[in-house]
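Chain residues, written in single-letter form:
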Amino acid sequence: MADHFLLEPEQFTRYATLIGELGEQLKDAELILTSQLRYENECWGDDDPGKAFAGAYSPKANTAFTNADSVATHLNNLHVALVESAKRAQDEEQRNATANREAGR
């Protein structure tokens, strides 16, 4: 096991951006899907099989959409946390470099 920890802020920022983009894509896809489903309305009919399908589908669909929205929110929060971490690491590297330069004078 390595006895040091290396953090590359540029990589953190790059991956944070990708995670943020993924969250936005998920949120966009969910909006498109829910919009299309609302447009179609309850197209499975009022007969017994249609009612049975609606009874099984609706609660699970609501859970799926809630979970997708939650995942998108968590991805966005992770994006923000990673960007902030990268910024703190860059700031610390700058402070260390400045301190080392001044100590060498």
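The paragraphs below set out a description of the structure included in this document. (Residues numbered from 1 in each chain as written. Predicted model: local features only at pLDDT ≥ 70, side-chain atom pairs only at ≥ 80, totals over all residues. Heavy atoms only, no water.)

A count of helices and strands for the protein gives two helices and zero strands. Its C-alpha atoms give the protein a radius of gyration of 24 Å, more than 25% over the compact-globule value 13 Å for 105 residues. Here the protein holds 105 residues, and the buried ones make up 16% of them. Taking contacts inside the protein between residues at least 6 apart in sequence as the whole, the part at least 24 apart equals 81%. With an accessible surface of roughly 8300 Å², the protein has 57% of that area assigned to carbon and sulfur atoms. Across the protein, 10 positive and 18 negative side-chain charges occur, with their mean positions spaced 8 Å apart. (Helix = DSSP H or I, 4+ residues; strand = E, 2+ residues; numbered from the N terminus. Rg over C-alpha atoms; globule rule 2.2 N^0.38 Å. Buried < 20%, exposed > 50% of the residue type's maximum accessible area, 1.4 Å probe, protein only. Contact = heavy atoms within 4.5 Å. Areas by Shrake-Rupley, 256 points an atom, 1.4 Å probe, with all protein chains shown as cover. Lys, Arg positive; Asp, Glu negative; His and termini not counted. Charge placed at Lys NZ, Arg CZ, Asp CG, Glu CD.)

Another aspect to go through is the environment of W44. You can see W44 is positioned in the loop between α1 (9–40) and α2 (48–103). Residue classification places W44 among the partly exposed positions, given a relative accessible area of 23%. In this structure the C-alpha to C-alpha distance between W44 and A72, which are 28 residues apart in sequence, comes to 29 Å. Apart from residues lying up to four places away in sequence, W44 is in contact with G50, F53, A54 and Y57.

With that settled, consider the packing of α1 against α2. Closest axis-to-axis distance for the α1/α2 pair is 8 Å, and the angle between their directions is 160 degrees. As summarised for this structure, α1 and α2 are arranged roughly antiparallel, according to the angle between their axes. α1 and α2 meet at a crossing whose hand is left-handed. Residues belonging to the contact of α1 with α2 are distributed by class as follows: 19 nonpolar, nine polar and five charged. (Axes fitted to C-alpha atoms, helices over the stretch in contact; angles between N-to-C directions. Parallel < 35°, antiparallel > 145°, perpendicular 65-115°, else oblique. Left-handed = near helix turned anticlockwise from the far one by under 90°. Nonpolar A, V, L, I, M, F, W, Y, C, P; charged D, E, K, R; others polar.)

Turning next to α1. Compared with the 46 Å implied by 1.5 Å per residue over 32 residues, the 46 Å span of α1 between its first and last C-alpha is a close match. When we look at burial in α1, the residues that qualify are P9, A16, I19, G20, G23, E30 and T34. Looking at the buried side of α1, the elements it contacts are α2. Looking one or two residues past α1, N41 carries a phi angle of roughly 60 degrees, positive in sign. (Expected span 1.5 Å × (residues − 1).)

Two side chains with opposite charge may pair up if their charged atoms get near one another. Applying the stated criterion across every chain, the model contains three salt bridges. Close ionic contact of K27 with D69 constitutes a salt bridge, the shortest N to O distance being 3.6 Å. On the criterion of sequence distance, the pair formed by K27 in helix α1 and D69 in helix α2 is long-range, its members being 42 residues apart. Put simply, K87 and D91 hold a salt bridge, and the shortest N to O gap is 2.9 Å. (Salt bridge = Lys/Arg side-chain N within 4 Å of Asp/Glu carboxyl O.)

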